[in-house]
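# Commentary on secondary and tertiary structure
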Amino acid sequence: MNGPHDLGGRDGHGPVAPRADEPLFHAPWEARALALTLAAGALGQWSLDRSRAAREDRDPVDYLTSGYYGIWIKALERLLLDHGLVGADELAAGRAADGPRPDVGPAPGPREMAAALARGTSAARDPGGRRPRFVPGDRVLTRNHQPRGHTRLPAYARGRIGTVEAVRGHHLFADRSAAGEDVADWLYTVRFDGHMLWGTRAEPGTSVSIDAWEAYLDDA
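Quick look at the structure, then. Source: prediction; values computed, not measured.

What follows deals with the pattern of salt bridges. Evaluated as defined, the whole model comprises 15 salt bridges. With a shortest N-O distance of 3.2 Å, Arg 19 and Glu 22 are connected by a salt bridge. For the salt bridge of Glu 165 with Arg 191, the shortest nitrogen-to-oxygen distance reads 3.5 Å. In this pair, Glu 165 sits in strand β2 (residues 161–172) while Arg 191 sits in strand β3 (residues 184–193), placing the two residues 26 residues apart along the sequence.

Structure, rendered in structure tokens:
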């Protein structure tokens, strides 16, 4: 979706200036926000892409003033409400009114969660005989789509010509996964010359590579 989260390539926000020795968490509640989000996600009620979409789909003022983990907590509240895991009265009260749902959970403990994160998961899917449309070296044009829902194609790379660098396999398509659909597509690494993205102001010799699903691409 087009939203305040998609800042790549935009002017007016100043350079990224990381602080030296910045802590991983600035307050204890931020660590709890991360832990709660991971544990709730492990219940299997929504995908990682749906979780991302819940963080992105916010009013710009709310998004830009909530802070990183504030956005995570607000997104988790929405997901829990949407999937019937908590009620609005429970969120308002800050405590559960009823016991856990018998068809959901339990959430993994810290050791189980750490082991699951270390194992990781794969988004690869069997292509079922479907072949990739493009091969390395092909010139492609990204579609200038303006989706209402989730997308992994950044705004600065839409309607631009690039070159396929690699075919990365057949993977769960994030845009559809965010809507609760198990649909896969071929994934490519596409390289863009800096001047194609930002015109004559681009630093000479600059290039940017992104991973892009086939649904984003046409022949150039």
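Attention shifts here to the sheet that holds strand β5 (residues 217–219). Taken in spatial order, the 5 strands make up an open sheet running β4-β3-β2-β1-β5, and their pairing is antiparallel. Looking along the sheet, the strands with just one partner apiece sit at the ends: β4 (207–213) and β5. Adjacent strand axes in the sheet meet at a mean angle of 40 degrees when their direction is disregarded. By the bridge criterion, 8 bridges tie β2 to β3 in an arrangement that is antiparallel. Bridged to Leu 172 within β3 is Ala 184.

Turning our eyes to something else, we now look at helix α4 (residues 68–82). Between its first and last C-alpha atoms α4 spans 22 Å; for 15 residues at 1.5 Å apiece the expected length is 21 Å, and the two agree. Of all the positions in α4, only Tyr 69, Gly 70, Ile 71, Trp 72, Ala 75, Leu 76, Leu 79 and Leu 80 are classed as buried. Where the residues of α4 are buried, they touch α1 (28–41), α2 (48–56) and α3 (60–65). Positive backbone phi, approximately 70 degrees, marks Gly 84, located one or two places after α4.

Another aspect to go through is the packing of α2 against α4. Their axes nearest at 8 Å, the elements α2 and α4 cross at an angle of 115 degrees. The hand of the α2/α4 crossing is right-handed. Here Arg 50, Ser 51, Ala 54 and Arg 55 of α2 come into contact with α4, specifically with Ile 71, Trp 72, Ala 75, Arg 78, Leu 79 and Asp 82.

The next subject is the nonpolar core. Among the nonpolar cores identified, the biggest contains 20 residues, and Tyr 188, Val 190, Ile 210, Tyr 216 and Leu 217 are the most heavily contacted of them. Elements represented by at least two residues in this core include exactly β3 and β4. If sequence neighbours within four positions are ignored, Ile 210 has contacts with Leu 153, Pro 154, Tyr 156, Ala 157, Tyr 188, Thr 189, Val 190 and Phe 192. By size, the runner-up hydrophobic cluster in this structure holds 7 residues, among which are Ala 40, Ala 54, Leu 79 and Leu 80.

Along an α-helix, residues three or four positions apart point the same way, because every turn accommodates 3.6 residues. In a regular helix each residue adds 1.5 Å, so 14 residues correspond to 20 Å; α1 covers 20 Å between its end C-alpha atoms and thus fits that length. Looking only at α1, the buried set comprises Glu 30, Ala 33, Thr 37, Ala 39 and Ala 40. For α1, the secondary structure elements touched by its buried residues are α2, α4 and α6 (110–119).

The next thing to look at is the environment of Pro 28. Its location among the elements puts Pro 28 in helix α1. Accessibility expressed as a relative area gives 70% for Pro 28, which makes it exposed. The spacing of Pro 28 and Pro 102 is 74 residues in sequence and 31 Å in space, taken between C-alpha atoms.

With that out of the way, let us pick up the environment of Met 196. Mapped onto the elements, Met 196 comes out in helix α8 (residues 194–198). In this structure Met 196 comes out as partly exposed when scored by relative accessible area, which is 34%. Met 196 sits 186 residues away from Arg 10 along the chain, and the two C-alpha atoms are 15 Å apart.

Criteria and cut-off values
Residues numbered from 1 in each chain as written. Predicted model: local features only at pLDDT ≥ 70, side-chain atom pairs only at ≥ 80, totals over all residues. Heavy atoms only, no water. Salt bridge = Lys/Arg side-chain N within 4 Å of Asp/Glu carboxyl O. Helix = DSSP H or I, 4+ residues; strand = E, 2+ residues; numbered from the N terminus. Pairing = 2+ DSSP bridges. Axes fitted to C-alpha atoms, helices over the stretch in contact; angles between N-to-C directions. Expected span 1.5 Å × (residues − 1). Buried < 20%, exposed > 50% of the residue type's maximum accessible area, 1.4 Å probe, protein only. Contact = heavy atoms within 4.5 Å. Left-handed = near helix turned anticlockwise from the far one by under 90°. Core = buried A, V, L, I, M, F, W, Y, C linked by side-chain atoms within 4.5 Å.

By themselves, these are just geometric observations and shouldn't be taken as functional.
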